[in-house]
Amino acid sequence: MVNIRQATVNDLLEMQTTNLLCLPENYQMKYYFYHILSWPQLLWVAEDDFGKVVGYVLAKMEEDESQPKHGHITSLSVIRTHRKRGIATALMRRSQREMEDVFGAEYVSLHVRKSNKAAFHLYSVTLAYEVNDVEKGYYADGEDAYDMRCYFESNAKSRPPAKEMAGLSIEGKPNANKA
Amino acid sequence: MAPVLDNNPQAGAGRPLPKKEQDMFRTLQKHFDTKQYKKALKQADAILKKFPKHGETLAMKGLTLSSTGKGGEAQACVKEGLMNDMNSHMCWHVFGLLHRNERNYNEAIKAYKRALRIDNSNLNILRDLSMLQIQMRDLIGFEETRATILQLRPSLKIHWMALALAKHQTGELTGAIEVIDTYLRTLNEGSEELGRCIESSELAMYKNRILAEMPNNYDEALHHLDVCEETVVDRGAWLFSKAEYSIKLRDFARGREAVMAMFDRGMTEDYRIHSMYMCILLDVDADLCDKVLGLRGSQTLASMVPLTGNQKKVLREAYELDLQVRYPDSYAAKQIPITFLDGEAFRFAVDQLCRKHLSQGVPSLCHELHSFLWIERDDSLLRPNDPVDLRLHSLYKVYTDVVDGFISSLAASSKFAESDADEEPQTTILWAWYLRAGLHELVAEYVDAVILLNKCIEHTPDAVDVYLLKARILYKSGDCSGAVECIEKGRELDKQDRYMNNETTRYMLLAGMEEEAMKIISLFAKHEGNSEQNLFEMQCSWYELEMAACCFKKQDMGRSLKKYAAVLKHFEDIRDDQFDFHGYCLKKVTFRSYVDMLRFEDSLFGQEYYVKAALGTIHIYLVLYDRPIISESDEPDYSLMTSAERKKAKAIARKKKKASVKVEADVHEISEANGNHAKAPSAKTEATSFIEIDPLGKDLLAKDPLLEASKLSAVLVYSAPRNIDSWIARYDVAIRRKKVMMSLQSLYKARSIDPANAALFTRTVDFFVKRPFFGNLSDQSQAFVDEAAPTLLNDKDLVVFIQEAAKAASTDELTALPLRVAIAKALVETKAGSVVDACALIVDCGIKSRGVSVDTCSEALSVLKSLGSGAEQATKMWIAAVKAQFPLLPTFE
């Protein structure tokens, strides 16, 4: 069983540890503090039965006034030993719901590595994100990122008409084993 | 004749610059404020050309220099400015700012206060002072300063917010509420801030929290929630508070409404909300409600206190007939009732759960099954973790029966049961073996587990999760290199997975392969230069702690200290990092999180990583103190000396060492300087310098070991007082410093945490063995020791105390192995018992007791060996018993 709840300041160190264990993109504690002291409702954690943090979502509101109000997923990860339980989906849904309700976001955006098929599957199929753009060399190691978006029905005023996926073809079948 | 100097700005003390330079000075300030440092410096130099001693210009120049990373030059400049114009508030302010940048917060506060003496209504200085006061937790001072600021500028919202916050922090809850209310009354009707938005919502919920903190004030807090409902956009928090207060006021109908509304919002997987739901159904007391809200993981009210049969029935019906119907997608609603099932119903639920998860291949299934096991002890429920307790648990057998049944059926017909209609996919049997291996692991049947995992690998060689589990089990079996080999195979199968990379690194460090470990972790950490530096910058404490432990095992004390120091440094940085958030949160009004942050920072050095690093450091320094190992060859053997001789010899050794270190340091400094000139002029980051300076920890080795250990143990007992290891470390330091009272206090505190702790037992005996040699105590201390000490021995003689402990340990066959070993050692050392008694305590039941691991068994072995003649036979028996328990252990002798 996994306890999905809003994160508190007391969870940040464990979130950082989880991030360092799972992902190549890491942040100093100050960045986690910045998130929770700005948008506390958007940070969620998954605890295993024994109370250990095994997954988290770190998210924020973009403050660029020139764009419509929207949230952004800074980082999401679930420790390998706790996969296949829908934890990532649950965390994302919670954070997205608060973006929509608390901050009136019209949509949420995120970046995902082009090669990360499991994550792409989660976003595009399970959570209904669409590819908005490709950012060349977004990651430190030179890999490209998909810039993806998911519009919220209740707030989506600025949603553009359905457009082609910027000429992208998605190769290969997502590897379900890694989801 | 009038003194000419009077009109010369260089004479200091407030003489004004001529008009032209005044304008230049203003431009200088403007440039500084807009971060155009080069231009600012140009202006400053231009003024100084004419008036080289103008204090405020010197100060501003210093401040600018400091912002461009020229700390040393800045210091000199600011100081010179201050000396030239001690009556300028600006000079003092800048002096304070410089201290602040250097993180000398107390000095900065002093400087600001001097500045305010000259200009007591300078808003900038007051604001800066208040930030330092909250940083240093001078709460009273913070409140005073914020009150002054508000008086000076009552028109700004931020000043009202700050005063409310200050009053809240000093415990003036009513005052805090008054400030908020007064502010809200200053707003015009229809003002945006009174409407529904994030700022008003945050403020309302903050006010609500203060109301709820007032004693017996849930009524008012609940009423306030109704008042602010329309303003609050944070519906989740609003509902949570509503449910909580209602339950505490025993208004269960209202509480239920709020709980259901939270479930409707999709918060069905938050177990604290389920606990509230149960509190409502079972009509429990308010204090129990407080307790369940502090639970973590999947623990709920139903697994916190033993429930009656009737209570279980009520809950079961509510879940099965109501929640599961309403929220068919909720995992929690399905799983929680398993906690209150027993007998056939429990078996059936487990059967269904396993079928589902085995088909899906969920690796954490065993973990989940483990979580359903509880032991009742003193009116509360505990989760068993020791293999001995798990083996004895009545429900454990249910698991093995169910899973064994699946395995034989799956092997025969690819179905969970013969009668099933559908066949399972190929992978199901793999996950059934995997689960069974996990169940073996719980009860320390490592060989059986490995056999099954080998079958898994044969079946599906690329099942990465299997390698993870197998590596862990091999490690627990004492086969470290086997664990490394196994995890490395798993890593090769999925090189993109950082978790596998990290686990490989960890097992390598546990196996003492630090070079290889660094290479592996660098695959993910190197892309920003030096990987050690990258890991330090990213505050990767787990790695640094493992590396420190690895170096310690190899007797590389310097490098070990250095890695522990890195972790300690992260926490100092985290403490200092909060500084920027004081001002930030005042603007954002995210006060609930902010107050949580203040509390978190207050107990920061009680966090697990810090405590581990501090304990590791203390341990090394004590080892060094007991037998210094600094210069391998020319160090005398202290153990052969009297204490006076030893002291003298140590002093000489220390001097020698200091001298040699100094030379090395000088050399280092020069080469550093050269390096800097050779390279780009960019300022070195703090991280670079931390990693590059003294990489082998020689400076750390040169420190006074007992002093360093003493400092850290003081931090630990303050910040982690509920951790018994803090007090054990405190004792170890105090007894070496001959601080009798402090030693005694440490033992008392440790005893209040866990009287059956083996380390405590050893220290207690140690104290009484050393007691006759304490020397002169003051009469008062002596009287206190005479009165207080005996209770540590249950008012017995030391010998009787040890004998009784031995008797108790041999009567209860589950007495933990480490305690048995501690008692055995004490028996022989104090001659309270024979070698035979001591051996029997370890050998007779030791291997079947609690706390058995490869490490504790090795410790037992070294104690048996130290007992000398009379223990040979027992030593052989122990080796045989351990080998039988851990057949995969490569060597044990």
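Given the structure is predicted, the values throughout are model-derived calculations rather than measurements.

Novice: Honestly, the interface of chain B and chain A in this entry has me stumped. Any pointers?
Specialist: As a measure of interface size, the accessible area lost when the parts come together is often cited. On the chain A side, the residues contacting the 66 residues of chain B number 53 residues. Both sides together, the interface formed by chain B and chain A hides about 5,300 Å², and carbon and sulfur atoms give 54% of it. Taken together, chain B and chain A are joined by twelve salt bridges. Where chain B touches chain A, the interface holds 41 residue pairs in polar contact (both at pLDDT 80 or more). With seven residues, helix 33 (residues 591-602) of chain B is the largest single contributor of residues to the side of chain B that touches chain A. The class makeup of the residues in the side of chain B that touches chain A is 27 nonpolar, 19 polar and 20 charged.

Novice: Whenever I open this one, the nonpolar core confuses me. Can you help?
Specialist: Among soluble globular proteins, nonpolar side chains are generally buried collectively. The biggest cluster of nonpolar side chains holds 352 residues, and the ones touching the most others in it are Tyr123(A) and Trp878(B). Here this core gets eleven residues from one element, more than from any other, and that element is helix 34 (residues 608-626) of chain B. Those residues in contact with Trp878(B), other than ones at most four positions away along the chain, are Leu817(B), Ile842(B), Val843(B), Gly846(B), Ile847(B), Cys857(B), Ala860(B), Leu861(B), Leu864(B) and Phe892(B).

Novice: Looking at this model, I keep getting lost on the side chain of His582(B). Mind explaining?
Specialist: Residue and element names in this part refer to chain B. Mapped onto the secondary structure, His582 falls in helix 32 (residues 579-588). Of note is the side chain of His582, whose polar atom sits 2.7 Å from the side chain of Tyr594. Apart from the residues within four sequence positions on either side, His582 is in contact with Met131, Ile134, Gln135, Arg137, Tyr594 and Leu598.

Novice: Teacher, can you tell me more about the environment of Ala261(B) here?
Specialist: All names here are of chain B. With respect to the helices and strands, the residue Ala261 is situated in helix 14 (residues 252-264). By relative accessible area, Ala261 is classed as partly exposed at 23%. Taking the C-alpha atoms as reference points, Ala261 and Val836, 575 residues apart in sequence, are found 67 Å from one another.

Novice: Hey, could you run me through the side chain of Ser719(B) in this one?
Specialist: The residue Ser719(B) is located in helix 38 (residues 705-719) in this model. Excluding residues within four positions of it along the chain, Ser719(B) makes contact with Phe605(B) and Gly606(B).

Novice: Can you help me understand the packing of aromatic side chains in this one?
Specialist: What characterises a pair of aromatic rings is the spacing of the ring centres plus the angle enclosed by the ring planes. Residue and element names in this part refer to chain B. Inspection of every chain in the model, using the stated rule, returns 34 aromatic pairs over all chains. Residues Tyr319 and Phe340 carry aromatic rings whose centres are separated by 6.0 Å and whose planes lie at 55° to one another, so their mutual orientation is tilted. With Tyr319 in helix 17 (residues 309-326) and Phe340 in the loop between helix 18 (331-335) and helix 19 (343-360), this residue pair connects regions lying 21 residues apart in the sequence. On the basis of relative accessibility, which here comes to 0%, the residue Tyr319 falls in the buried class. Judged by its relative accessible area of 4%, Phe340 falls in the buried class.

Cut-off values and rules
Residues numbered from 1 in each chain as written. Chains lettered and ligands numbered in written order. Predicted model: local features only at pLDDT ≥ 70, side-chain atom pairs only at ≥ 80, totals over all residues. Heavy atoms only, no water. Contact = heavy atoms within 4.5 Å. Buried area = accessible area lost by both parts, 1.4 Å probe. Salt bridge = Lys/Arg side-chain N within 4 Å of Asp/Glu carboxyl O. Polar contact = N/O pair within 3.5 Å; in protein donor to acceptor, adjacent residues only side chain to side chain. Helix = DSSP H or I, 4+ residues; strand = E, 2+ residues; numbered from the N terminus. Nonpolar A, V, L, I, M, F, W, Y, C, P; charged D, E, K, R; others polar. Core = buried A, V, L, I, M, F, W, Y, C linked by side-chain atoms within 4.5 Å. Buried < 20%, exposed > 50% of the residue type's maximum accessible area, 1.4 Å probe, protein only. Phe/Tyr/Trp six-rings, centres within 6.5 Å; stacked < 30°, edge-to-face > 60°.

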